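Overview (structure and organization)
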Amino acid sequence: MDLFESLKNKINGKNIKIVFPEGQEPRIIGAAVRLKADQILEPVLLGQQAEIEKAAKDNGFHIENLTVIDPTTYPQAEFDEMVAAFVERRKGKASEEQAREILQDPNYFGTMLVYMKQVDGMVSGIVHSTGETVRPALQIIKTKPGVSRTSGAFIMQRGREEERYLFSDCAININPNAQELAEIAVQSGKTAELFDIDPKVALLSFSTKGSAKSPEVQKVAEATKIAQELAPEMEIDGELQFDASYVPSVAAQKAPGSTVAGHATVFVFPELQSGNIGYKIAQRFGGFEAIGPILQGLNQPVSDLSRGANEEDVYKLAIITAAQSLL
Ligand SMILES: CC(C)(COP(=O)(O)OP(=O)(O)OC[C@H]1O[C@@H](n2cnc3c(N)ncnc32)[C@H](O)[C@@H]1OP(=O)(O)O)[C@@H](O)C(=O)NCCC(=O)NCCS
Ligand SMILES: CC(=O)OP(=O)(O)O
């Protein structure tokens with residue numbers, strides 16, 4: 001079954017609420033209208049009512065049956081409760097006065113709605129940068145026990161249903177050390193399973209099995225060892241060049257005997273430059289649909305759109321975020 005049909009079946013009828021802090025953005029409104037009409041989940045648009053109504057009208061969307069939360073008319077008692085919860089969560093790091101100021105930011109406000117369980121997840125980042133979008137989640141939602149770093153994965157799919165891979169970290173950790181990279185690899189394998197991808201995890205490099213020597217290569221080799229120890233049940237190998245990870249004939253020459261090389265489905269990049277560039281090349285040159293970034297390892301789901309996302313990307317990432325809320 002198509003991945004999204006299967007995800008829709010999982011979330012259907014559960015009344016999952018997803019907040020969109022960029023409620024006045026037409027691509028968000030368009031996706032919210034579709035999500036509501038398809039009865040998949042309950043979209044909540046966050047933003048000034050008048051601005052949202054204007055954007056909807058200008059773009060021909062009917063939003064009469066959508067839920068809008070306007071922070072400027074939010075009940076005072078509920079805002080005070082949000083401020084108190086924020087100060088408590090950021091103990092010693094924000095005063096009440098600072099909290100009132102910080103919560104004017106829609107990404108902080110939306111993240112607090114998730115944290116306070118008024119909604120089940122958040123999708124933002126179509127206007128805001130990744131830092132602006134995810135920093136509130138890192139500070140408030142935080143990572144699950146046993147996960148030290150969150151990271152951003154993309155489901156990459158193209159054409160035929162079965163051509164589906166996971167790329168990570170393409171969004172968050174600028175230069176992870178070996179331990180962090182190992183955690184990202186294991187976390188990515190788990191995320192892959194969630195989206196019906198059989199994980200064969202390749203830690204990518206410009207070297208295959210010692211063909212080049214440098215501290216960068218050494219980091220990936222060390223991360224591979226740590227990841228294999230962290231998840232002995234998972235098929236993980238590295239360091240591998242992309243061709244060795246993906247092309248069976250090249251794998252036979254460069255990494256004979258590896259069960260991952262030539263068959264990888266999860267591609268873990270050594271640092272963010274290559275990860276972010278790599279996914280965009282596959283998307284824009286390779287014709288892959290890039291769905292994400294899906295933040296892995298957070299206590300509650302928050303997703304960060306690319307600013308280049310279209311309405312369909314928003315629609316799909318909202319479904320994924322809703323599915324994550326069931327975990
Ligand atoms: C994600 C990012 C914004 C975090 O940077 P930052 O806000 O400067 O991070 P800080 O080091 O100040 O940490 C802020 C908080 O987040 C936490 N944090 C930072 N990175 C984290 C991670 N990867 N996982 C979990 N928590 C993290 C810190 O522990 C800290 O928590 P605390 O305030 O409770 O102590 C930064 O790493 C970044 O800019 N990454 C690249 C994003 C990007 O542009 N990607 C490309 C487009 S998708
Ligand atoms: C994921 C990503 O690269 O986001 P943006 O394009 O918004 O920087």
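Here, every reference points to the structure presented above.
Residues numbered from 1 in each chain as written. Chains lettered and ligands numbered in written order. Predicted model: local features only at pLDDT ≥ 70, side-chain atom pairs only at ≥ 80, totals over all residues. Heavy atoms only, no water.

**Some remarks on the environment of Ser249**
Position of Ser249 relative to the elements: it lies in helix α11 (residues 248-254). With relative accessibility at 54%, the residue Ser249 sits in the exposed group. Note: C-alpha distance between Ser249 and Asp58 (191 residues apart in sequence) is 54 Å. (Helix = DSSP H or I, 4+ residues; strand = E, 2+ residues; numbered from the N terminus. Buried < 20%, exposed > 50% of the residue type's maximum accessible area, 1.4 Å probe, protein only.)

**Digging into the site of ligand 1**
In the region of ligand 1, 19 residues are neighbours, and Arg90, Lys93, Arg135, Thr150 and Ala171 sit closest. Interatomic distance of 3.2 Å between a side-chain N/O atom of Lys142 and an oxygen atom of ligand 1. Residue Arg149 places a side-chain N or O atom 3.4 Å away from a nitrogen atom belonging to ligand 1. Breaking the shell around ligand 1 down by element, the ones donating at least two residues are α7 (130-141) and α12 (272-284). (Near = heavy atom within 4 Å. Polar contact = N/O pair within 3.5 Å; in protein donor to acceptor, adjacent residues only side chain to side chain.)

**Quick look at the nonpolar core**
Counting 57 residues, the largest nonpolar core has Phe20 and Leu203 as the members making the most contacts within it. Considering each element in turn, this core owes the most residues, eight residues, to helix α13 (residues 311-324). Beyond its immediate sequence surroundings of up to four residues, Leu203 is in contact with Leu181, Ala185, Val220, Ala223, Thr224, Ile236, Asp237, Gly238, Glu239, Leu240 and Val268. In terms of nonpolar packing, the next biggest core, distinct from the first, is built from 29 residues, Val19, Val44, Phe79 and Val302 among them. (Core = buried A, V, L, I, M, F, W, Y, C linked by side-chain atoms within 4.5 Å. Contact = heavy atoms within 4.5 Å.)

**A short note on unusual backbone geometry**
Residue Glu239 follows Gly238 across a cis peptide bond; omega there is -20°. Note on placement: Glu239 falls in strand β8 (residues 235-240). At Gln39, a residue that is not glycine, the phi angle is positive and equals roughly 55°. Tracing the chain through its elements places Gln39 in the loop between α2 (26-37) and β2 (42-46). A positive phi angle is found at Asp196, which is not glycine, with a value near 60°.

**Quick notes on the packing of helix α1 (residues 3-11) against α13**
Following both chains from N to C, one finds α1 and α13 inclined at 50°, their axes separated by 9 Å at the closest point. Between α1 and α13, the angle is such that the two are oblique. For α1 against α13, the interelement crossing comes out left-handed. Along its contact with α1, which presents Phe4, Leu7, Lys8 and Ile11, the element α13 presents Tyr315, Lys316, Ile319, Ile320, Ala322 and Ala323. Within the contact of α1 with α13, the residues separate by chemical class into eight nonpolar, no polar and two charged. (Axes fitted to C-alpha atoms, helices over the stretch in contact; angles between N-to-C directions. Parallel < 35°, antiparallel > 145°, perpendicular 65-115°, else oblique. Left-handed = near helix turned anticlockwise from the far one by under 90°. Nonpolar A, V, L, I, M, F, W, Y, C, P; charged D, E, K, R; others polar.)

**What about the site of ligand 2?**
Around ligand 2, the surrounding shell consists of Thr130, Phe154, Asn276, Tyr279, Lys280, Pro293, Ser306 and Arg307. Between ligand 2 and Asn276, the relevant distance is 3.0 Å, taken from an oxygen atom to a side-chain nitrogen or oxygen of the residue. Coverage of ligand 2 by the protein chains reaches 88% of its 260 Å² of free accessible surface. In terms of residues, the shell around ligand 2 owes the most to one element, α12, which gives three residues. For the shell around ligand 2, the per-class residue count stands at three nonpolar, three polar and two charged. (Areas by Shrake-Rupley, 256 points an atom, 1.4 Å probe, with all protein chains shown as cover.)

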